[in-house]
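So you can see what is in the structure, the chains are spelled out below.
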Amino acid sequence: MALSGPVHTATLTDNCLVRNDWVCGEYIRTRQDEIMDALGQHVTITVVSVVIGFAVALVLAVVARRVGWLRGAILGTSTALYTLPSLAMFSLLLPFTKISATTVIIGLVLYSLTILVRGILTGLDAVPDDVREAAIGMGYDGLRLLRKVELPLALPAVFAALRVATVSTVALTTVGMIVNHGGLGNLINRGLSSNFHAEVLTASVLCVVLALIADALLLGLQRWLTPWRRTVTA
């Protein structure tokens, strides 16, 4: 019985949670469900925000391309939105969307417009006039011209903007912790508040990994959608 005290003390000392280590496998093992829930929320908010942001940006970029006098207003407004601090943006949305994931998603969509609208517009502007005129001469016009000619040629610039916007959204989603919908940001905030090293590091590393995976997937999708670029490079 005399040995039980020292043995028990040694066991506790060997526990990385008790020592509050930065790298702790025990934390991942015992909090796996919690981590996966936060990761799932982070991925969902990011994907929904980027998809909606891209759809809105595409419409705005096409309008800016077609209606010249609206170009400056669209670009100026999207840029102005990006200058708003994230905390202020979410706070301004709270009276309308309450404490929900919608608050975070709307904020992230608005932030993504600066990058996406400019990127899509840059790609559309880069389409050679002679190619566009030749397509029109072959009977392409309106939506068909955009879908079959302009967008395919603009894809490199579009995907460059989409990759930057996606990685940025992965990072900004963590700020959603102020309305308790920040995905991994919730874990980071809680870990910082309680000085829980393993929680902070694990959630932060997962954010970085998530951004890298998203960027790699988009790069792969770009290469699949632009086979002619692979041929030119080869």
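Residues numbered from 1 in each chain as written. Predicted model: local features only at pLDDT ≥ 70, side-chain atom pairs only at ≥ 80, totals over all residues. Heavy atoms only, no water.

(A) Region of interest: the packing of helix α4 (residues 32–66) against helix α9 (residues 142–173). Close contact between α4 and α9 brings their axes to 9 Å; oriented N to C, the two are set at 140°. Judged by the inter-axis angle, α4 sits oblique to α9. Pair α4 / α9 crosses with right-handed handedness. Along the contact surface, α4 presents H42, I45, T46, S49, V50, F54, L58, V62 and R66, while α9 presents G142, L146, E150, L151, V158, L162, T166, T169, V170 and T173. Of the residues contributing to the contact of α4 with α9, the split by class is 10 nonpolar, seven polar and two charged. (Axes fitted to C-alpha atoms, helices over the stretch in contact; angles between N-to-C directions. Helix = DSSP H or I, 4+ residues; strand = E, 2+ residues; numbered from the N terminus. Parallel < 35°, antiparallel > 145°, perpendicular 65-115°, else oblique. Left-handed = near helix turned anticlockwise from the far one by under 90°. Contact = heavy atoms within 4.5 Å. Nonpolar A, V, L, I, M, F, W, Y, C, P; charged D, E, K, R; others polar.)

(B) Spotlight on a nonpolar patch on the surface. A cluster of nonpolar side chains, contributed by W22, V23, L201, V205, V209, I213 and L217, occupies part of the molecular surface with about 650 Å² of accessible area. Structurally, L217 can be placed in helix α11 (residues 197–225). (Patch = residues over 30% accessible without salt bridge, like charges linked within 9 Å, V, L, I, M, F, W, Y side chains within 5 Å. Areas by Shrake-Rupley, 256 points an atom, 1.4 Å probe, with all protein chains shown as cover. Salt bridge = Lys/Arg side-chain N within 4 Å of Asp/Glu carboxyl O.)

(C) How the structure looks around helix α10 (residues 184–194). All of the buried residues in α10 are L184, G185, N186, L187, I188 and G191. The inward-facing, buried residues of α10 abut α3 (25–30), α4 and α11. Within two residues after α10, N195 carries a phi angle of roughly 60°, on the positive side. (Buried < 20%, exposed > 50% of the residue type's maximum accessible area, 1.4 Å probe, protein only.)

(D) Seen up close, unusual backbone geometry. We note that N20 has phi near 60°; this positive angle belongs to a residue other than glycine. Relative to the elements of secondary structure, N20 occurs in the loop between α2 (16–19) and α3. Phi angles above zero are rare outside glycine, and N195 is one such case at about 60°. Relative to the helices and strands, N195 resides in the loop between α10 and α11. Owing to a relative accessible area of 47%, N195 belongs among the partly exposed residues under this scheme.

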